[in-house]
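Remarks on the overall topology
Listed below, chain by chain, are the residues.
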Amino acid sequence: MRSSNTSHSRPLARCLALGWLVGVALLFAPAALAVDPARAISQYVRDRWGPDQGFPRGPVYAISQTPDGYLWIGTEAGLVRFDGLNFRLIRGKSMPVGSVLGLTEDGEGNLWVRMAGPTLLRYRDGVFTDAMARLGMPYSNLTVMSRAPNGGVVLARLEDGAVLYHRGRFDAIAAATPLARSPVLSIAQASDGDVWMGTRDAGLFRVHGDRVAALNNGLPDMKVNCLLPEEDGRLWVGTDNGLALWDGARLTAGGKPAEVNRFQALALVRDRDSNIWVGTDAHGLIRVNAQGAAYVNRLNGSGEAITALFEDREGNLWIGSSNGIERLRDSAFVTYSSPEGVPADGSHPIFVDSEGRAWFAPVAGGLWWLKDGKHGQVTAGGVGKDVVYSITGANGELWLGRQRGGLTRLTSAAGAAVAKTYTRADGLAHDSVYSVYLSRDGAVWAGTLGGGVSRFHAGKFTNFTAADGLASNTVASILEGADGTMWFATPTGLSALSKGRWRSYAMEDGLPSANVNSLFEDSHGVLWAGTAAGLASFRDGTGFQPHKDVPAALREQILGIGEDHSGWLWMATSSHVVRVQRDKLLNGSLADGDVREYGLADGLRGVEGVKRHRSVVSDSRGRIWFSMNAGISMVDPARLTNSTPAIVRIHTIDADGDLADIRGPARIPGGKRRITLHYDGLSLSIPERVRYRYRLDGFDRDWSDPVAAREAVYTNLAPAKYRFRVIASNPDGVWNSEEADLEFEIAPLFWQAWWFRMGIVLAVAFAIVFLYQYRLHDLTRQLNLRFEERLAERTRIAQELHDTLLQGFLSASMQLHIVAEKVAEDSPAKPPLNRVLQLMGQVIEEGRNAVRGLRSSQSKSLDLEQAFCQIQQETAAGAAAEFRVITEGQLRPLHPVLRDDIYRIGREALVNAFRHSKAESIEVEIDYGSREFRLLVRDNGCGIEPGVLKSGREGHWGLPGMRERAENIGAQLNLWSSAAAGTEVILSVPAQIAYQAGVTKSRWRWLGRPKSRQNGGNE
């Protein structure tokens, strides 16, 4: 029986406790709170992590966050770091194994870690240090610590009372004696400098200056588990028997019976919206604010004690229990459906009046209102038994379009709803009214499902149908433009009525689809049409502009459109809720962050829009209301503008799986093929939505596209210095302005080093020079062999000519002389015989000259210069031209055969110049260079025709013969000619070929280059 009574009395006690909490909240809450009163406990987004999700074993004793964005969790298993996706149990030489009982982050960015026993660690920049030993704090057992208002840390020691750490030093602030030797379980410093301490069994103490006083009058229990100071000097006190509030003068218990508030308050935290959150033993989580108190019973599904509470920099509430952690997140949307007692069967039309009351109608029938979390139903005029398709209103009245009941006007009289209904009997086009619109002149437009549209004004109906110019008799949406034009959306097109004239628009006029669902005119007078295949806009009377180059969500069926005060368009589609930047959408310049999609993680309970005349509306406060398939959702865009940016951090770099040290510029050994950089974008709200853009300076030309992966992989990077940069966007698409960067260098392999490559280049160059010299030597040897063979052949021919032909001619000449002497002078045979003798003499002389030419000459190379000087005398033409021969360089003996060919090439060039150039000046330049022998013949005459210069004159073999001789001796012959400047013939012969063996290059280089010598042609 006793157990039964206890079981039945517990709900009653809980209700009484809740009532007391409401009274306390209303009595002591500040006058102005930045809290959303419409948000119910059930509308927070809750997530849980336990051992099955990678969380180490509990229980959780403390939670904190460092400036780098990581969440730190003190557990029975040790210290855990959480980046929003992964848990890491910290292990290392500087981090001892053991339970972490307390965590506090100070104003300097240090994380203080209190462990069991006399161990206090300070963490900074990835390093744990022993704070007691480093800062000169005596050996002591710490029982509790918390952050001070000035950014310091307040600590309680079992033996020595309380101390304050600030700017590198510890100062004692309370002795242990006044605390009656009772361990301190909670400690906090108020904004006025007073330090409050709650003990295990001695109650509450306040340290004011040098005095320590016990304040236990009105305390529910002497065991004080947690303290929460307010900025106005008040103090919340959590005990084993509920809460107490210090108002600056006394502790208040609210006059409750002792048996009512029977729960252990184990943790307290105040969020940015001024909500007070209380973690209890087995009663779950309690929220207290100016609107009352609410239980979040069994938040984690197990009824476990809540041992730690913490609000992070993004406003998420973290809850630690005996077997894991949970996150309570304030979502972007507030949704009202079945958990709040609101019908949520979908397909609600919605309207918000001037008082901020939202009106909606379920599919099951009836009319409902919703304001500040409260709701009610209207059933007047038979509305409760009919389906309401559309709602509009102004000046304290509502107009309803009904499924069967026509058009109904609702007004209020003496606090009761009064209904007046109009049907076909009153002149309405059809009793099924799908869309209702109130125009600026006070007329009510009713679009029906089969009878066209009716205009009700001054108590009379005027009907318009397809016969009058309406695109269809089924009207889905109605809108009045800024210029007074009435627009009507139908399944077969969009119709406009202006100054009594009708015009219809279809796909050929720019609409993505003729099936138009919704109409909206924004603050700039742009008309937006939501169709079954996307969005179109109409401005300046220029026609509709389809928007095709947009995200896929905007190419779906657009069911509702609204606008906030910042110029963003909000849309409900067949499967998305989308926010888009209006101006950039119009200009076709959408970029990252200009389009944002919302889903279940944002507080929506469904993402499918509904097809009604108005399913997306905005109220006077700028909030956007959506009618969705799973309830009525509301978003306040003003709460989205100050979104906290993600903190991006590069934490590791590995090369083929080997981690590199990044405490300085990282150096990676050569030969690594796969470089992976790992980074985090710390945003704990919805980490799955964090996006990254990165760039590797020295490799990438631009930033990457936004990606969700937390690593960047590069393969086969060349040895060089690189700088990796990465930025991140938070879940709301806001990109951080500060980037994380990491410099690293890939060392070259020995064959990639500059000295190795330079050696390879030099080796190749030496090899090329060697091959060139070898080839040149081989060619020289072959030419010398050919020259020797030719010289021997010429000598043999000269000997044979001399021994045979010339001897025969001489014998014949002698016989003819004998005969000629015997012939009388007056004989007729005498003259012919003399002529034969003369011819014989010429032939013999020419033969001797030929023999001399065939034999090798031992004369010096100076003969070449003299030979060229005699050519002008040998030719009758060109005698008037100025002629000179110039010799440069140290004289060197030429190969005999090659010298004769050089002479014949030069002679042919000179003879041509004398005979055909009509030049005033002709020069020959002979250059005995160390690298080549060069012969230059130039004149300033009339030049050579291009065709003749290229292939020679038909029947003449001078130019082709010159080229053939040059080719035979391994020389290069270049001919240049111009009618205005004359002709140049340049013959170049490599030194190895031109000069006789035995004359070294070094000798001629050492001798230097002598002055030039000039010989006139007449000398």
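Note that the structure is a prediction, hence the values are computed from the model and not measured.

**Overview of the packing of aromatic side chains**
Per the counting criterion, the structure on display carries 44 aromatic pairs. Considering the side-chain rings of phenylalanine 456 and phenylalanine 461, the 4.5 Å spacing of their centres and the 40° angle between planes classify their relative orientation as tilted. According to the relative accessible area criterion, phenylalanine 456 is buried, its value standing at 9%. On the accessibility criterion, phenylalanine 461 (15% relative accessible area) is buried. Taken together, a centroid distance of 6.0 Å and an interplanar angle of 65° make the contact between tyrosine 505 and phenylalanine 538 edge-to-face. In this pair, tyrosine 505 sits in strand β45 (residues 501–505) while phenylalanine 538 sits in strand β48 (residues 534–538), placing the two residues 33 residues apart along the sequence. Across the pair, phenylalanine 538 and tyrosine 505 agree in class, each one buried. Among the aromatic side chains, those forming a connected cluster through ring pairs are Tyr679, Tyr692, Tyr694, Phe699, Tyr714 and Phe724.

**So, the pattern of salt bridges**
Proximity of charged atoms lets side chains of opposite charge pair with each other. In total, this model carries 42 salt bridges according to the counting rule given. Between aspartate 441 and arginine 455 there is a salt bridge, and its shortest N-O distance comes to 2.9 Å. In this pair, aspartate 441 is assigned in the loop between β38 (433–438) and β39 (444–448) and arginine 455 in strand β40 (residues 453–457), connecting sequence segments 14 residues apart. Between aspartate 583 and arginine 582 there is a salt bridge whose closest N-O contact spans 3.2 Å. Each member of the salt-bridge network shares a partner with another, and the members are Arg695, Asp697, Arg723, Arg725, Glu739 and Asp741.

**Observations regarding the pairing of β48**
Most of β48 is tucked away: five of the five residues are buried. As judged from the five bridges shared by strand β47 (residues 527–531) and β48, these two strands associate in the antiparallel manner. Residue pairing in the sheet places leucine 527 in a bridge with phenylalanine 538 of β48. Between β47 and β48, which pair antiparallel in sequence order, lie two residues. Of the pairings in the sheet, the one linking β48 to strand β49 (residues 544–546) comprises three bridges and is antiparallel in character. Residue pairing across strands places phenylalanine 538 opposite phenylalanine 544, the latter belonging to β49. Counting the residues between successive antiparallel strands, the hairpin from β48 to β49 contains five residues, one of them, aspartate 540, with a positive phi of roughly 60°.

**Topic: the sheet that holds strand β16 (residues 204–208)**
Across the sheet, which stays open at both edges, the four strands sit in the order β14-β15-β16-β17 with antiparallel pairing between neighbours. Looking at the sheet topology across the chains shown, the edges are occupied by β14 (184–189) and β17 (211–214). Taken over all neighbouring pairs, the strand axes of this sheet differ in orientation by 20° on average, direction set aside. The pairing of β16 with β17 spans four bridges and is antiparallel. Bridged to valine 207 within β17 is valine 212.

**Topic: the pairing of strand β32 (residues 367–371)**
When strand β31 (residues 358–360) meets β32, the two strands line up antiparallel, connected through three bridges. Across the sheet, alanine 358 pairs through a bridge with leucine 370, a residue of β32. Relative to strand β33 (residues 374–378), β32 is paired through five bridges, and the arrangement is antiparallel. In the strand pairing of β33, tryptophan 369 is matched with glycine 376. Where β32 folds back onto β33 in an antiparallel hairpin, the turn is made up of two residues, including aspartate 372, whose phi is positive at roughly 50°.

**Some details on the environment of aspartate 130**
With respect to the helices and strands, aspartate 130 occurs in strand β9 (residues 127–130). Between the C-alpha atom of aspartate 130 and that of serine 94, which follows or precedes it by 36 residues, the distance is 8.4 Å. Discounting chain neighbours no more than four positions away, the residues touching aspartate 130 are Leu120 and Leu121.

**Regarding helix α8 (residues 896–916)**
Helix length check: α8, at 21 residues, gives a terminal C-alpha distance of 30 Å against a target of 30 Å (1.5 Å per residue), a fit within 8%. With its phi angle positive at about 55°, lysine 918 sits one or two positions after the end of α8.

**A word on unusual backbone geometry**
Its identity is not glycine, yet alanine 458 carries a phi of approximately 55°, on the positive side. The phi torsion at aspartate 656 lies on the positive side, around 55°, for a residue other than glycine. Examined against the element boundaries, aspartate 656 turns out to sit in the loop between β57 (647–655) and β58 (658–659).

**Overview of the environment of glycine 365**
Turning to its location among the elements, glycine 365 is positioned in the loop between β31 and β32. Taking relative accessible area as the criterion, glycine 365 reaches 11% and is therefore assigned buried. As for glycine 365 and valine 388, which are separated by 23 residues in sequence, their C-alpha atoms are 6.6 Å apart.

**Remarks on the confidence of the model for the chain**
For the chain, per-residue confidence averages 83 on the pLDDT scale, and residues scoring 70 or more make up 87% of the total. In this model, residues 1–38 is a region of pLDDT below 50 whose contacts with residues beyond four sequence positions or in other chains number 54 contacts. Here residues 856–862 is a poorly scored stretch, pLDDT under 50, and it has eight contacts once near neighbours within four places are set aside; other chains count.

About the criteria used
Residues numbered from 1 in each chain as written. Predicted model: local features only at pLDDT ≥ 70, side-chain atom pairs only at ≥ 80, totals over all residues. Heavy atoms only, no water. Phe/Tyr/Trp six-rings, centres within 6.5 Å; stacked < 30°, edge-to-face > 60°. Buried < 20%, exposed > 50% of the residue type's maximum accessible area, 1.4 Å probe, protein only. Helix = DSSP H or I, 4+ residues; strand = E, 2+ residues; numbered from the N terminus. Salt bridge = Lys/Arg side-chain N within 4 Å of Asp/Glu carboxyl O. Pairing = 2+ DSSP bridges. Axes fitted to C-alpha atoms, helices over the stretch in contact; angles between N-to-C directions. Contact = heavy atoms within 4.5 Å. Expected span 1.5 Å × (residues − 1). pLDDT = per-residue confidence, 0-100.

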